[in-house]
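Single-letter residue listing:
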Amino acid sequence: MSSLDFSTKIGSKRFSNPIFTASGCASSGQELSQFFPLTEIGAIVTKSIMTKARTGRATPRMAETPSGMLNSIGLQGPGIDAFLENDIPWLVSNSAKIIVSIAGETVDEYGVLARRLRAVPGISAVEVNISCPNVENRGQVFACHPDTAIAVIESVRRNIGGELPIIAKLSPDVTNIVEIAQSVINAGVDGLALINTLLGMVIDTNTMKPKLAGKTGGLSGPAIRPVAVRAIYQVHQAFPNTPIVGMGGVASGRDAFELVLAGASAVSIGTATFGNPTAVLQIRDQLSELLLEKGITDFRDAIGFAHRGV
Ligand code: SIN
């Protein structure tokens, strides 16, 4: 039987397989490590960390939707000091490949976080989550405007130093995601994470009020997969040399394959993990079987395959 080269690259970093966790769905991996060694997955992408500890939004913060889930966690987290003191050493001691996700309320906050991470050993990349409201500019989401997206990435690039790849996580809630991708590529990112959740809302018809305390929330799960496939396809078509970490409603190896065919160099698993903590491993194994079934022995040959001859 043929063997598969399942490795993938984001910027200068190589990952043994292309299946990652999605930021926010597995914290820093402690819970998942009860089910399997974290070395089994390509990388763990940590929950977006901010400068200060945050308790997040009031509850309820999650609501089920048809084929999906709405969340409004409010970036709950321990803050960068405790994260560097506890989470990173724990991940390093478990030999995990680490992608640290960062989030800020101001351009400067992103720069501060990048500076704190620059000399930390054991990190493979930084995911810059720009789907956050800019408190200095009427709450406009950084990822929804080329200028603010550029300002954040330039600040991270200036402060991160060295060769640590920067991955910008984009929001699908824009008219033209290719334009935003172009802006952050020009500002110096090494890769893109596509897509974050879509903004949605659920109203409880019994109470006649919004179900989430924060009123709106991010929609994830199988319902958004076609949006992810479309965004990845469009961005890969425009920038075939920029690696994409794809995510959005992937619940099987076949779903992951779809994102890879659209142009993803790696696939992150989020919502599926809530129902099945070993989903990441199952998806990894199903994807590798599917690739071999198709006669593909080098994972990288599948990336963007759907574009060929179209
Ligand atoms: C949250 O913590 O509210 C989610 C953040 C995100 O979707 O980027």
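Caption draft 1: Layout of the site of the ligand. Near the ligand you find Lys47, Asn71, Ile73, Gly74, Leu75, Asn129, Asn196 and Thr197, and these make up its full shell. Measuring from an oxygen atom of the ligand, one finds a backbone N or O atom of Gly74 at 2.7 Å. With respect to the ligand, the side chain of Asn196 contributes an N or O atom lying 3.1 Å from an oxygen atom. In isolation the ligand offers 260 Å² of accessible surface; the protein chains occlude 80% of this area. In terms of residue class, the shell around the ligand is made up of two nonpolar, five polar and one charged.

Caption draft 2: How the structure looks around the pairing of strand E11 (residues 198–201). Residues Leu198 and Gly200 of E11 are buried on one face, while the alternating residues Leu199 and Met201, pointing to the opposite face, are not. As defined by bridge partners, E11 adjoins strand E14 (residues 216–220) across four bridges and the pair is classed as antiparallel. Counted as the bridge partner of Leu199 is Gly218 from E14.

Caption draft 3: Expanded view of the side chain of Thr21. Along the polypeptide, Thr21 turns up in strand E3 (residues 19–21). The class for Thr21 is buried, based on a relative accessible area of 1%. When neighbours within four sequence positions are excluded, Thr21 is seen to be in contact with Ala26, Leu32, Ile41, Ala43, Ile44, Val45, Ser268 and Ile269.

Caption draft 4: Seen up close, the nonpolar core. Counting 82 residues, the largest nonpolar core has Ile102, Val128, Ile130 and Leu170 as the members making the most contacts within it. It is helix H8 (residues 279–293) that provides the largest number of residues to this core, a total of seven residues. Ignoring sequence-local partners within four residues, the contact set of Val128 consists of Ile102, Tyr110, Val152, Ile153, Val156, Ile166, Ile167, Ala168 and Lys169. Ile99, Ala125, Ile167 and Ala266 belong to the second-largest nonpolar core, a separate cluster that totals 12 residues.

Caption draft 5: Structural context of the packing of helix H4 (residues 177–186) against helix H5 (residues 225–238). Relative orientation of the contacting elements H4 and H5 amounts to 50°, with a least axis distance of 9 Å. When the axes of H4 and H5 are compared, the pair comes out oblique. The element H4 and its partner H5 pack so that their crossing is right-handed. Between H4, through Ile177, Val178 and Ala181, and H5, the contact on the second element is made entirely by Arg230, Ala231, Gln234, Val235 and Ala238.

Caption draft 6: Focus on the sheet that holds strand E16 (residues 266–269). The strand order across the open sheet formed by eight strands is E3-E16-E15-E10-E9-E8-E7-E4, and the pairing between neighbours is parallel. With one partner strand each, in any of the chains shown, E3 and strand E4 (44–45) form the two edges of the open sheet. Sheet analysis places strand E15 (residues 244–246) next to E16, joined by two bridges and oriented parallel. Within E16, the residue paired with Val245 across the bridge is Ala266.

Caption draft 7: View of the pattern of salt bridges. If you walk through the whole model with that rule in mind, you get nine salt bridges. The partner of Arg284 in a salt bridge is Glu40, with the nearest N and O atoms 2.8 Å apart. In this pair, Arg284 is assigned in helix H8 and Glu40 in the loop between E3 and E4, connecting sequence segments 244 residues apart. For the salt bridge of Arg157 with Asp190, the shortest nitrogen-to-oxygen distance reads 2.9 Å. Residue Arg157 is located in helix H3 (residues 146–160), and its partner Asp190 is located in the loop between H4 and strand E10 (191–194); the two are separated by 33 residues in the primary sequence. Under the relative-accessibility criterion, Asp190 is labelled partly exposed at 25%. One network of salt bridges, in which partners are shared, links Asp5, Asp298 and Arg300.

Caption draft 8: Summary view of the packing of helix H6 (residues 253–262) against H8. It is at 7 Å that the axes of H6 and H8 come closest, and there the two elements cross at 65°. As H6 packs across H8, the resulting crossing turns out to be right-handed. Seen from H6, the contacting residues are Gly253, Arg254, Ala256 and Phe257; seen from H8, they are Ile283, Gln286, Leu287, Leu290 and Leu291. Within the contact of H6 with H8, the residues separate by chemical class into six nonpolar, two polar and one charged.

Caption draft 9: Representation of the packing of aromatic side chains in the model. Here the structure, examined in full by the defined rule, presents three aromatic pairs. Ring centres of Phe6 and Phe299 lie 5.9 Å apart, and the angle between their planes is 75°; this geometry places the pair in the edge-to-face category. With Phe6 in the segment before strand E1 (8–10) and Phe299 in the segment after H8, the pair connects residues that are 293 residues apart, well separated along the chain. According to the relative accessible area criterion, Phe299 is buried, its value standing at 0%. Consider the rings of Phe15 and Phe20, whose centres lie 5.0 Å apart with planes at 50°: the pair is tilted. The residues Phe15 and Phe20 share a single accessibility class, namely buried.

Caption draft 10: Expanded view of the pairing of E14. As paired strands, strand E6 (residues 68–71) and E14 are joined by three bridges and run antiparallel to one another. What sits directly across from Met69, in E14, is Ser220.

Conventions adopted
- Residues numbered from 1 in each chain as written.
- Predicted model: local features only at pLDDT ≥ 70, side-chain atom pairs only at ≥ 80, totals over all residues.
- Heavy atoms only, no water.
- Near = heavy atom within 4 Å.
- Polar contact = N/O pair within 3.5 Å; in protein donor to acceptor, adjacent residues only side chain to side chain.
- Areas by Shrake-Rupley, 256 points an atom, 1.4 Å probe, with all protein chains shown as cover.
- Nonpolar A, V, L, I, M, F, W, Y, C, P; charged D, E, K, R; others polar.
- Buried < 20%, exposed > 50% of the residue type's maximum accessible area, 1.4 Å probe, protein only.
- Helix = DSSP H or I, 4+ residues; strand = E, 2+ residues; numbered from the N terminus.
- Pairing = 2+ DSSP bridges.
- Contact = heavy atoms within 4.5 Å.
- Core = buried A, V, L, I, M, F, W, Y, C linked by side-chain atoms within 4.5 Å.
- Axes fitted to C-alpha atoms, helices over the stretch in contact; angles between N-to-C directions.
- Parallel < 35°, antiparallel > 145°, perpendicular 65-115°, else oblique.
- Left-handed = near helix turned anticlockwise from the far one by under 90°.
- Salt bridge = Lys/Arg side-chain N within 4 Å of Asp/Glu carboxyl O.
- Phe/Tyr/Trp six-rings, centres within 6.5 Å; stacked < 30°, edge-to-face > 60°.

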